[in-house]
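Listed below are the residues making up each chain.
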Amino acid sequence: MIAAESAAGTTVGPVGAALVVLLVLVGSFFLVVGTVGLFRLPNVYNRLHATTKATTLGVSGIALAAWVYFGPAGQGLKALVTILFLFLTAPTGSHMISRAAQRMGVEFEEGVTWPSRTGAETERAGENE
Amino acid sequence: MSSPLVDLLPLFLSGALALAAAATLAVGYRVITGPTTPDRVVALDVIGTNVVAIALLYAMASAQGFFLDVSIVLAIIGFISTVTVARYVTEGDIIE
């Protein structure tokens, strides 16, 4: 069904097809790595570490494949805009989630402390007011 | 246009689409049984990112470029929803 539509659509040469296959393989690998990390890691902060990097890289690989597929100008530029937007917003969103988790009182993993001890205490003091 | 790799490209893209969809479904487990609320927010964020990937893959598999617009809008909505839920969890209110 999908193949029939594609025959009349955008043309991509053999080199472009090989590049698309390679980039989609890399992107799918990172998506799976992010999913496995979301399941296997023990804590909210560790899961954020897995998902916010690996999943963003995976989507970026697939978006690069779309850029190759749809041509460097015109439609393909939207894929590049998607990469730029993801790279801007993924750290912001994950920072806000981890901040919310820490304010909610979700514990760190055992033996892990806030980077500076005094910073941890001022944080607790500000929280108790 | 008669290269075997070009002919097999839609099939390969459909396989990648199925893989991404399976990963997205698996993340739903973490949404349901996440121990804390931030776990669920993280899992929903991952679902949003995966749906962006699915839109991009479908744009390539069906050779229709306007699905790239869908992926951009989904990325924007995912970011806004993540920030909104994180702020609601922290402050107890979205707009003061």
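See the structure shown above.
**Student:** Describe the overall build of chain B, naming the residues involved and giving the relevant values.
**Tutor:** The number of helices and strands found in chain B is three helices and zero strands. Over its C-alpha trace chain B gives a radius of gyration of 17 Å, far above what one expects of a compact globule, namely 12 Å for 96 residues. For chain B, the proportion of its 96 residues judged to be buried stands at 42%. A fraction of 35% describes how many contacts in chain B between residues 6 or more apart in sequence connect residues 24 or more apart. As presented, chain B carries roughly 4500 Å² of accessible surface, and 72% of it is formed by carbon and sulfur atoms.

**Student:** Break down the layout of surface pockets for me, citing the residues and quoting the values.
**Tutor:** Empty space within the largest pocket amounts to approximately 350 Å³. Elements represented by at least two residues in the lining of the largest pocket include exactly helix H3 (44-70) and helix H4 (76-104) of chain A together with helix H2 (37-61) and helix H3 (67-91) of chain B. Looking at side-chain class alone, the lining of the largest pocket contains twelve nonpolar, twelve polar and one charged residues.

**Student:** Describe the packing of aromatic side chains, and please don't skip the residues or the numbers.
**Tutor:** In the structure shown here, the tally under the stated rule is six aromatic pairs over all chains. The interplanar angle of 35° and the centroid separation of 5.8 Å between the aromatic rings of Phe 39 of chain A and Tyr 29 of chain B together place this pair among those described as tilted. You can see Phe 39 of chain A sitting in helix H2 (residues 14-40) and its partner Tyr 29 of chain B sitting in helix H1 (residues 4-33), one on each of two chains. Look at Phe 39 of chain A and you get partly exposed, because its relative accessible area is 27%. By relative accessible area, Tyr 29 of chain B is classed as partly exposed at 49%. An aromatic cluster of at least three residues, connected via ring pairs, comprises Tyr 58, Phe 66 and Phe 67 of chain B.

The rules behind the values
- Residues numbered from 1 in each chain as written.
- Chains lettered and ligands numbered in written order.
- Predicted model: local features only at pLDDT ≥ 70, side-chain atom pairs only at ≥ 80, totals over all residues.
- Heavy atoms only, no water.
- Helix = DSSP H or I, 4+ residues; strand = E, 2+ residues; numbered from the N terminus.
- Rg over C-alpha atoms; globule rule 2.2 N^0.38 Å.
- Buried < 20%, exposed > 50% of the residue type's maximum accessible area, 1.4 Å probe, protein only.
- Contact = heavy atoms within 4.5 Å.
- Areas by Shrake-Rupley, 256 points an atom, 1.4 Å probe, with all protein chains shown as cover.
- 1 Å grid on protein atoms, 1.4 Å probe; cavity = no way out; pocket = protein on both sides within 12 Å on 5 of 7 lines; lining within 4 Å.
- Points joined across faces, edges and corners; volume = space filled by probe spheres on them.
- Nonpolar A, V, L, I, M, F, W, Y, C, P; charged D, E, K, R; others polar.
- Phe/Tyr/Trp six-rings, centres within 6.5 Å; stacked < 30°, edge-to-face > 60°.

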